[in-house]
Amino acid sequence: MATHPRRFLGITLAAIVAFAAAACGGGTPHAAPSSSGATQSGFPVKLTDDDGVKVTMNAPPQRIVTFSPSDTEIVFALGLGDRLVGVSGPADDYPAAAKGITQVGAGQFGTDLNVEKVVALHADVVLYSFGTAPWMAQVRKVGIPVFTTHATSVDDTMHDIDTLGRLLGASSAATALTARMRRSAGLIEGSVAKQSAETCFYEVGYNPLYTVGPGSLEYDLLQKAGCDPVTSGAKSAYPQWSVEALVKENPDVYLVASESATSAQAVAKRPGYDGLTAVKQGRVDLVDSSLISRPGPRLVQGLAVLAKDLHPEAFG
Amino acid sequence: MIVLVAGLAGAFLLAVGLGTVAVSPWDTTRLVAWKLHLIGHPHVAASTQVILFQLRLPRVLLAMVVGAALAVAGTLFQGLFRNPMADPAIIGVSSGAALGAVVVIVAGGAAALGGLGVSAAAFVGAIVTAFLVYRLARIGPATHVATLLLAGIAIASLISGVISIVMSLSGQEIRSIYFWLLGGVGDRGWSSLEVATPLVAIGIAVAVVLVGDLNLMTMGEERASQLGSEVERFKRISLGAGALLAAAAVSVSGVIGFVGLMTPHIMRLVVGSDHRRLLPASILGGAIFLVLADLAARTVISPEELPVGAVTALLGAPFFLWLLRRQRQVSYA
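Note that this is a predicted model, so its numbers are computed, not measured.

Asker: Mind laying out the packing of aromatic side chains, listing which residues take part and the relevant values?
Answerer: Residue and element names in this part refer to chain A. Under the definition given, this model contains eight aromatic pairs over all chains. Centre to centre, the rings of phenylalanine 67 and tryptophan 135 are 5.1 Å apart; their planes meet at 70°, and the pair counts as edge-to-face. Separated by 68 residues along the polypeptide, phenylalanine 67 in the loop between strand E3 (64-66) and helix H3 (69-77) and tryptophan 135 in helix H5 (residues 135-141) bring together distant segments of the chain. The two residues phenylalanine 67 and tryptophan 135 agree in class, both being buried. When the centroid spacing of 5.5 Å and the interplanar angle of 85° are considered together, the rings of tyrosine 254 and tyrosine 273 count as edge-to-face. Of this pair, tyrosine 254 sits in strand E12 (residues 253-257) while tyrosine 273 sits in the loop between helix H10 (264-268) and helix H11 (277-280), placing them 19 residues apart in sequence. A residue is classified by how much of its surface remains accessible, and tyrosine 254, at 0% relative accessible area, is buried.

Printed below as a string of structure tokens:
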């Protein structure tokens, strides 16, 4: 790979990642909003969430509970980590400070929220980004607002971060963050535009094989990273896919969510996979899925990682 | 019976030919002939060759073996317990297998034994549970059928509880556990088939030998022993064979419902209750049923796939009800 003639694009991956990391600003002090009147003057704030529910915040919430790892990352990136009193569970693993916060997940899969715990935490607001859930009504009934966001694209994510900034009284931090993210994304997309699109496949899980289709955040990110996913005809956002179809579609690059396989070698050993060009040419890459499946501040880092996997000679 | 043999051949050809990517019978014939060194390499797309030999053929064959195994296990248990509700799950085999699989998945040992760690653990779990249920149900020299059923149900509930707890304590592995419990025969390659086939062959061979005793059992335990059947020995052997079959099937394909319970009933309605006809009919019927169910699972919304367990229930239940309404007088014993 390294011997390929390369077009120098004046932008290296290291620079992009550094830039994206700066854009993320996870918990860094300079991202903290001032608690002066400038950020609070907007209150009371009236916003409508992605479920169409109207939420009114009379003052910036001092005790925040997040029920999605992406919301946890956003709260930290807005410099409000010290106001976070509850997170969902072990999946809230970034930034490191999130791991010490009380977990409010309950039920068989941790997908249910322990309402009693949230009440005991005196939460001012609960943030959630996975759709509607039965516990929401209960939380609202005890007087704690629930604010939901459902980002399915990079643009949605920026929009949601701005919205959460207003809701939490940190709109200037949010605007600054999304501006940095947009700049990084623009640089990456600009470089990608000069490359020819590669066909690719993104594996969410194996046995059975699961992938991403139009309407998912990952799909949008793949396209922006210069990939033409072979799953463009999928009818759902996270469809099960047949390996037979995969072999026939024969993508140039095979990307695997980090939790779905132990190594590229393990992927190559699966039945039928030795027929894939991506396997023969060593273009199977494991991707840290927390960078590309969470609609949060690190999404642009995910974009950079994908762009490098898809166009190694341009971003090497 | 000839109809069933033809049906299996037809289902096999159909299932090999159809799929996300159609493989013509001509290409299949030429590729198989080439594999057998009969002809030179035919001009067929490389992807077709990979699909046929690494994905399609092992999948269809595994569906046949698993379908036959589950159906024979069901026939044995229904005959042994003289209970129409008996199926491979009844003596705790399925839940034992599930517990074995779940423990290995959670412990991160799924890749052990060349990727067969889950299958091996499921097999061990199934056999151990079946043995445990049998020992618990044994009072003095005799094993009462009702006690056996109840012990099986109790152990199965106990194990389900343990599985739920293990699942709620494990975060990351939920998805693989969930899909293992859902069952399926896709993308297992030849290795699963190589493991399951000898075990299933042994189980079926034993079942064939037991055909006479199964027929005697339909007249009741006492009558069977009066007629010269060594009832206790028969019970032990048929339980062992049924457990072996179910464990082999569950260990490679996860929990696929309906086949073991319904196939013997459907076949009883078609060929009658004589086990000399019922057993071979169940072998063929189970194989046909699962091959067709899997074919439907992978073609209906291709290239996406449905869980095969849902298809077995969707296809099987209405067909069974239709048969039931048509021939209401058939005895169940």
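Here the narrative resumes, following the displayed structure.
Asker: Report on helix H4 (residues 93-107) of chain B, specifying residues and quantitative values.
Answerer: Residues and elements named next belong to chain B. Over its 15 residues, H4 extends 21 Å from the first C-alpha to the last, a length consistent with the 21 Å expected when each residue adds 1.5 Å. Within H4, eleven of the 15 residues are buried, leaving the element largely enclosed by the surrounding structure. Burial in H4 covers these residues: Val93, Ser94, Ser95, Gly96, Ala97, Ala98, Gly100, Ala101, Val102, Val104 and Ile105. Contact partners of the buried residues in H4: helix H6 (117-137), helix H7 (145-169), helix H8 (174-182) and helix H12 (231-253).

Asker: Before we move on, can you summarise the packing of helix H2 (residues 25-35) of chain B against helix H3 (residues 46-81) of chain B with the specific residues and values?
Answerer: Residue and element names in this part refer to chain B. At a minimum axis separation of 11 Å, H2 and H3 run at an interaxial angle of 75°. Viewed along their axes, H2 and H3 adopt a mutual orientation that is roughly perpendicular. Contacts from Thr28, Leu31, Val32, Trp34 and Lys35 in H2 reach Thr48, Gln49, Leu52 and Phe53 in H3. Of the residues assigned to the contact of H2 with H3, the class counts are five nonpolar, three polar and one charged.

Asker: If you had to explain the pairing of strand E7 (residues 125-128) of chain A to someone new, which residues and values would you point to?
Answerer: All names here are of chain A. Because side chains alternate across E7, one face comprises the buried residues Val125 and Leu127, and the other comprises Val126 and Tyr128, equally buried. The pairing of E3 with E7 spans three bridges and is parallel. Paired with threonine 66 across the two strands is leucine 127, which belongs to E7. Sheet analysis places E7 next to strand E8 (residues 146-148), joined by three bridges and oriented parallel. Within E8, the residue paired with leucine 127 across the bridge is phenylalanine 147.

Asker: I'd like a rundown of helix H13 (residues 259-271) of chain B, residues and numbers included.
Answerer: All names here are of chain B. Its 13 residues give H13 an end-to-end C-alpha distance of 17 Å, which sits within 8% of 18 Å, the value for a rise of 1.5 Å per residue. Among all positions of H13, only Val259, Gly260, Leu261, Met262, Thr263, Pro264, His265, Ile266, Met267, Arg268, Leu269 and Val271 are buried. Of the surrounding secondary structure, the elements contacted by the buried residues of H13 are helix H1 (2-17), H3, helix H14 (275-299) and helix H15 (308-326). Following H13 by one or two positions, glycine 272 adopts a phi angle in the positive range, close to 95°.

Asker: Any chance you could break down the sheet that holds E7 of chain A for me, citing the residues and the numbers?
Answerer: All names here are of chain A. If you walk across this open sheet you meet the four strands as E4-E3-E7-E8, and the pairing is parallel. Two strands lie at the open edges of the sheet, namely strand E4 (84-86) and E8, each paired on one side alone. Each neighbouring strand pair of the sheet contributes to a mean axis angle of 35°, computed without reference to strand direction. Running at roughly 140° to E3, H3 makes contact with E3, E4 and E7 of the sheet.

Asker: Go over the side chain of aspartate 27 of chain B with me, naming the residues and quoting the values.
Answerer: Residues and elements named next belong to chain B. Here aspartate 27 is to be found in helix H2. A relative accessible area of 18% places aspartate 27 in the buried class. Of note is the side chain of aspartate 27, whose polar atom sits 2.7 Å from the side chain of arginine 30.

Asker: How would you sum up the interface of chain A and chain B? Please name residues and give values.
Answerer: Each partner contributes to the interface: chain A provides 25 residues, whereas chain B provides 25 residues. In total, about 2,300 Å² of surface goes out of reach between chain A and chain B, with carbon and sulfur atoms giving 55% of it. Counting across the interface, chain A meets chain B through one salt bridge. When the shortest N-O distance is used, the salt bridge between glutamate 244 of chain A and arginine 56 of chain B registers 2.3 Å. There are five residue pairs in polar contact (both at pLDDT 80 or more) connecting chain A and chain B. Looking at the side of chain A that touches chain B element by element, the count peaks at five residues for helix H9 (residues 243-249) of chain A. In the side of chain A that touches chain B, the residues fall into twelve nonpolar, nine polar and four charged.

Asker: Give a detailed account of the state of the cysteines, specifying residues and quantitative values.
Answerer: Residues and elements named next belong to chain A. As enumerated under the stated definition, the model contains one disulfide over all chains in all. Paired by a disulfide, cysteine 200 and cysteine 227 hold their sulfur atoms 1.9 Å apart. Judged by the torsion about the S-S bond (-85°), the cysteine 200/cysteine 227 disulfide is left-handed. With cysteine 200 in strand E9 (residues 198-205) and cysteine 227 in strand E11 (residues 227-229), the pair connects residues that are 27 residues apart, well separated along the chain. Each member of the pair, cysteine 200 together with cysteine 227, is buried.

Asker: Summarise the nonpolar core; cite the residues concerned and give the values.
Answerer: Membership of the largest hydrophobic core comes to 104 residues, with the highest contact counts inside it found for Phe81, Ile91 and Trp180 of chain B. Among all residues touching phenylalanine 81 of chain B, those that are not within four sequence positions of it are Ala86, Ile90, Ile91, Val145, Leu148, Leu149 and Leu239 of chain B. Among the nonpolar cores identified, the runner-up in size contains 57 residues, and Phe43, Ile64, Leu84 and Leu291 of chain A belong to it.

Asker: Outline the pattern of salt bridges, supporting the account with residue identities and numerical values.
Answerer: Residues and elements named next belong to chain B. On inspection of all chains with the given rule, the structure shows 16 salt bridges over all chains. Residue glutamate 305 is joined to arginine 59 by a salt bridge in which the shortest nitrogen-to-oxygen separation is 3.3 Å. Of this pair, glutamate 305 sits in the loop between H14 and H15 while arginine 59 sits in helix H3, and the two are 246 residues apart along the sequence. Considered together, glutamate 305 and arginine 59 belong to a single accessibility category, that of buried residues. For the salt bridge of lysine 235 with glutamate 232, the shortest nitrogen-to-oxygen distance reads 3.0 Å.

Asker: Describe the environment of valine 247 of chain A, listing the residues and the values that go with them.
Answerer: Mapped onto the fold, valine 247 of chain A is located in helix H9. Each residue touching valine 247 of chain A, except ones within four places of it in the same chain, is listed here: Gly272 and Leu276 of chain A together with Ser47, Val50, Ile51 and Leu55 of chain B.

Asker: Talk me through a nonpolar patch on the surface; I want residue IDs and the actual numbers.
Answerer: A cluster of nonpolar side chains, Leu14, Leu18 and Leu292 of chain B, forms an exposed patch at the surface whose accessible area comes to about 230 Å². Exposure remark for leucine 18 of chain B: the relative accessible area of 40% places this residue in the partly exposed category.

Analysis parameters
Residues numbered from 1 in each chain as written. Chains lettered and ligands numbered in written order. Predicted model: local features only at pLDDT ≥ 70, side-chain atom pairs only at ≥ 80, totals over all residues. Heavy atoms only, no water. Phe/Tyr/Trp six-rings, centres within 6.5 Å; stacked < 30°, edge-to-face > 60°. Helix = DSSP H or I, 4+ residues; strand = E, 2+ residues; numbered from the N terminus. Buried < 20%, exposed > 50% of the residue type's maximum accessible area, 1.4 Å probe, protein only. Expected span 1.5 Å × (residues − 1). Contact = heavy atoms within 4.5 Å. Axes fitted to C-alpha atoms, helices over the stretch in contact; angles between N-to-C directions. Parallel < 35°, antiparallel > 145°, perpendicular 65-115°, else oblique. Nonpolar A, V, L, I, M, F, W, Y, C, P; charged D, E, K, R; others polar. Pairing = 2+ DSSP bridges. Polar contact = N/O pair within 3.5 Å; in protein donor to acceptor, adjacent residues only side chain to side chain. Buried area = accessible area lost by both parts, 1.4 Å probe. Salt bridge = Lys/Arg side-chain N within 4 Å of Asp/Glu carboxyl O. Disulfide = S-S within 2.5 Å. Core = buried A, V, L, I, M, F, W, Y, C linked by side-chain atoms within 4.5 Å. Patch = residues over 30% accessible without salt bridge, like charges linked within 9 Å, V, L, I, M, F, W, Y side chains within 5 Å. Areas by Shrake-Rupley, 256 points an atom, 1.4 Å probe, with all protein chains shown as cover.

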